[in-house]
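The primary structure of each chain is shown beneath.
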Amino acid sequence: MKLYRLLSTAALLAAAFTAAAKDVQLLNVSYDPTRELYAEFNQAFAAHWKAQTGDTVTIKQSHGGSGKQARSVIDGLPADVVTLALAGDIDPLASVAKLLPADWQKRLPNNSAPYTSTIVFLVRKGNPQKIHDWEDLVKPGVSVITPNPKTSGGARWNYLAAWAYARRHHGGDEGAKKFVAALFKNVPVLDSGARGSTTTFVQRGIGDVLLAWENEAFLALKEFGADSFEIVVPSLSILAEPPVAVVDKVVDRKGTRAVAQAYLEYLYSEEGQEIAGRNFYRPSAPAAAAKYAKQFPRLELVTIESEFGGWTSAQKAHFADGAVFDQIYAK
Amino acid sequence: MRNSTSAFSIAATAASLLLLAPAASAATESKELEALHEQIRLLDQKIRVLERKQELAAEASAEAAKKQPAVAAGAGGFSLASSDKAYELKLRALAQADARFYLGDDGIAGNDQFLLRRVRAILTGTLGKNFEFALVPEFGGIDAASKASTFSVVDAWVAAKAHPALGVKFGKFISPVALEPGSDRLFVESSFVNTLLPNRDLGLELDGTLAGGLLEYRAGIYNGVRNNTSSVGGDLNDTKTFAGRVTVTPFAKTESFAKGLGVALGASSGSENGTIQNIVTNGQQTLASFGSLSGAGDHTRFSPAAFLYSGPYSFIAEYAQERHRLVRTAAPLNRFTATNDAWRVSSGYVLTGEDSTARSVTPKTNFDPAAGTWGAFEVVGRISGLHLDRRLFAPAANGGGGLSATTNATGATAYGLGLNWYLNRNVRFLLNYEYTDFDGGGAANTAVADAEQALFNRLQVSF
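If you're wondering where the values come from, they're calculated on a predicted model, not measured in any experiment.

Asker: Just checking my understanding: could you explain the overall build of chain B for this structure?
Answerer: The helix and strand tally for chain B stands at 2 helices and 22 strands. In chain B, buried positions account for 41% of the 463 residues. Residue pairs at least 24 apart in sequence account for 62% of intrachain contacts in chain B once pairs closer than 6 positions are excluded. As displayed, chain B offers around 23500 Å² of accessible surface, 62% of which is attributable to carbon and sulfur atoms.

Asker: In this structure, what is going on with the overall build of chain A? I would like to understand it.
Answerer: Looking only at helices and strands, chain A features 16 helices and 12 strands. Going through the 331 residues of chain A one by one, you find that 56% of them count as buried. Looking at chain A alone, contacts between residues at least 24 apart form 76% of all its contacts between residues at least 6 apart. Per element, the accessible surface of chain A, about 13800 Å² overall, is 55% carbon and sulfur.

Asker: Explain the interface of chain B and chain A to me, please; I cannot follow it from the model alone.
Answerer: Across the boundary between the two partners, chain B contributes 17 residues, which contact 21 residues of chain A. Carbon and sulfur atoms supply 63% of the area that chain B and chain A bury against each other, a total of about 1600 Å² over both sides. Considering only the surface of chain B that becomes buried against chain A, Gln45(B), Arg52(B) and Phe242(B) emerge as the three largest contributors, covering 31% of it. The interface formed by chain B and chain A holds 3 salt bridges in total. Between Arg52(B) and Asp191(A) there is a salt bridge; the shortest N-O distance is 2.8 Å. At the boundary of chain B and chain A, one finds 8 residue pairs in polar contact (both at pLDDT 80 or more). Every element with two or more residues in the side of chain B that touches chain A is listed here: helix 1 (2-66), strand 8 (200-210) and strand 9 (215-222) of chain B. In terms of residues, the side of chain B that touches chain A owes the most to one element, helix 1 of chain B, which gives 8 residues. Of the residues in the side of chain B that touches chain A, the class split is 9 nonpolar, 3 polar and 5 charged.

Asker: Where do I start with the pairing of strand 19 (residues 376-387) of chain B in this structure?
Answerer: Look at any regular strand and the pattern is simple: side chains alternate between the two faces of the sheet. Residues and elements named next belong to chain B. Pairing of strand 16 (residues 335-350) with strand 19, which is carried by 10 bridges, proceeds in the antiparallel orientation. From the neighbouring strand, Ser347 faces strand 19, where its bridge partner is Gly381. With 12 bridges joining them, strand 19 and strand 20 (residues 409-422) adopt antiparallel strand pairing. Bridge pairing in strand 20 places Leu386 opposite Ala412.

Asker: Can you help me understand the environment of Ile122(B) in this one?
Answerer: All names here are of chain B. As for its placement among the helices and strands, Ile122 is situated in strand 4 (residues 113-127). For the pair Ile122 and Val136, spaced 14 residues apart in the sequence, the C-alpha separation amounts to 4.7 Å. For Ile122, the contacting residues outside a window of four places in its chain are Lys90, Leu91, Arg92, Ala93, Leu94, Leu135 and Val136.

Asker: Just checking my understanding: could you explain the confidence of the model for chain B for this structure?
Answerer: Close inspection of predicted coordinates is inappropriate in any region flagged by low pLDDT. Residues at a pLDDT of 70 or more form 93% of chain B, whose mean pLDDT is 91. We note a pTM of 0.65 for the whole complex and an ipTM of 0.76 for its interfaces.

Asker: Which parts of the structure should I look at to understand the packing of helix 2 (residues 35-53) of chain A against helix 11 (residues 257-266) of chain A?
Answerer: Residues and elements named next belong to chain A. Between helix 2 and helix 11, the shortest axis-to-axis distance is 10 Å and the interhelical angle comes to 120°. By the angle between their axes, helix 2 is oblique relative to helix 11. Here helix 2 and helix 11 pass one another in a crossing that is right-handed. Facing Tyr38, Phe41, Asn42, Ala44, Phe45, His48 and Trp49 of helix 2, the residues of helix 11 in contact are Ala258, Val259, Ala262, Tyr263 and Tyr266.

Asker: Quick question: what am I supposed to make of the side chain of Lys172(B) here?
Answerer: Position of Lys172(B) relative to the elements: it lies in strand 7 (residues 166-174). In this structure Lys172(B) is buried but unpaired, with Asp155(B) as the nearest side chain of opposite charge at 6.9 Å.

Asker: I tried to follow the sheet that holds strand 1 (residues 23-31) of chain A on my own but got confused; where do I start?
Answerer: All names here are of chain A. Read from one edge of the open sheet, 4 strands run 2-1-3-10, paired in mixed fashion. Two strands bound the open sheet, and with one partner strand each, they are strand 2 (56-64) and strand 10 (244-246). Shown here is a sheet whose adjacent strand axes are inclined to one another by a mean of 20°, direction ignored. In this sheet, strand 10 lies alongside strand 3 (residues 81-83) in antiparallel orientation, the contact comprising 3 bridges. Residue pairing across strands places Val81 opposite Val246, the latter belonging to strand 10.

Scoring rules and cut-offs
Residues numbered from 1 in each chain as written. Chains lettered and ligands numbered in written order. Predicted model: local features only at pLDDT ≥ 70, side-chain atom pairs only at ≥ 80, totals over all residues. Heavy atoms only, no water. Helix = DSSP H or I, 4+ residues; strand = E, 2+ residues; numbered from the N terminus. Buried < 20%, exposed > 50% of the residue type's maximum accessible area, 1.4 Å probe, protein only. Contact = heavy atoms within 4.5 Å. Areas by Shrake-Rupley, 256 points an atom, 1.4 Å probe, with all protein chains shown as cover. Buried area = accessible area lost by both parts, 1.4 Å probe. Salt bridge = Lys/Arg side-chain N within 4 Å of Asp/Glu carboxyl O. Polar contact = N/O pair within 3.5 Å; in protein donor to acceptor, adjacent residues only side chain to side chain. Nonpolar A, V, L, I, M, F, W, Y, C, P; charged D, E, K, R; others polar. Pairing = 2+ DSSP bridges. pLDDT = per-residue confidence, 0-100. Axes fitted to C-alpha atoms, helices over the stretch in contact; angles between N-to-C directions. Parallel < 35°, antiparallel > 145°, perpendicular 65-115°, else oblique. Left-handed = near helix turned anticlockwise from the far one by under 90°. Lys, Arg positive; Asp, Glu negative; His and termini not counted.

Encoded structure:
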């Protein structure tokens, strides 16, 4: 009888403590250039969640090269949500670490990509090297800044955009391989992430052209002024679809599934899309997309699916150990 | 004529050259300047690239260093931790070398002695952030009869804490009933209060803090252990003991003098059978031996306490009462419930001005004669008392316990003084004198033949 009373009291105490817990903490593991986007979005979501539930949610951010970030999550970084540069970085979380189901990309609209972006060139004011298209990047003496495709999602988009261009203008995949090899011969330093490459180009004054996320290029113009840099839009680029996902095993262990799910869904809300547009990401919702259409250049965009058969085959052919990038960069 | 034409041609050519030379020279210089500018630009780029590569290498090294395990050694012990502190192993130790002398005890042989009171290696750690463990072997135990060294495990537990308000602990650890189980912050040995309360027990406990840390609770179910002893590997019977403690420190978050003020209540309830632990004096000599009496059922204890640690001052008041159902194991087999109680009031003052805390005194300066620094000094005092139930000593024929009131004491009052010298954070020397006046007793060749005067010295090393 005494044991029963003790256990009952303990259970009641435990229930009371659980019910009283009003502070929630989420960890969003993201890629390099989303710092400003999520700094603004997190505040908006916290206010929304407080108004809706009364709970206080604090979102901690972790940023780095997308591939590197994915490896950290696989190695145990307890991310409630991942908002990475490409689906190919989230896939191993499902296939290798079994942290979320294989069909994770179908759980949110637009293949779980609430916003899109593309790759453009950032050059120094006056464009002294006369860089107008991908062709100009392989000229002798032109110094190109791009991060390392082995660690950076943005770098992989850069690489594949260049490949797609060269495939059209240099005789298919063989020509594209030579073209991309020549391009990487003009890369003097490989940063591990896109933000590092921006630092190399903008703050350290290295290179003639930065292959940049569109949002990162606009941000550089906004922060450092149009009198220092110019954006050059190439004739062709790639549609980058940075996806987001709840990390099931982590949220179930921490009991944060509801708030994590709501957090990602809020990216698709009117306010979430507005914030994405303000931070130079291309909104997916028609209203916000129309509102911000003027700030984005119109150009031909290929997709990863149509051009490379999806991330799994692109990863295997180009970025896996011993694949094309290793072959051309080792030379 | 030819000559004049030639001369004219030469002159014209020379004039042309003279006129054109500055323009050609300027063009050449401009090209050279441009080439120089380009060379400088390229050199500048090369230097910038080299610097950036160095910067990236340094960042990569710093990142890699963050992931390296951290090894630390210091006054707090030695530790090995993963970079995120989720996994940590700490090695600490405690060694107490005592010298005990009893003044005016002509009748007792062999009690003045040097001994290793405690020699413990303290291994604690964290597993996966929310799980902790401790393993504390004791190498300084002494077998009472043979005086031979013994080995035992003092603490061995695993704890999980997902929230400050709720944790769970399983294994062998200090019982929640007493304020200072098995030790005394100010004196070499514990007071009478601890002789009526358990030391360490084996069981399952819930614990946590509420109200932002102002209230701390512990509650659990345990094997049940004899007074002033540690549970062994298993239980002596099927019944279990419930025990708990609540400690409130209402001013802990203020900066007032009462910041270190607290009140606490510990209690236990269970059914405990078998041998009853002898009661000892503050000088660790037998005060009462229970002979043919044995535990036979309900055993409850409660112990309120109050404490204040304020600046150099410390003050502790503690009371304990136990009620234990007993039986005589020799005829007549009387059964009765004995109620024993004990109390103590302890106080200390750090002469050198350092703060006194529930754990220790950290000297402002370490003992270093060459530098003219001597550590910290604290004077301490304690008055404590014990009263044993008179039914223990009532004749067996009258339904009592039949214990001798001359070979045993029926109660005692002790007055202690001491000087504690903290040489540094790790080394301290304690000198205690304690006078104990007994009720009853008086039998020759017993510890209670006359008042006990114990002079205890301790050199303690801990890290």
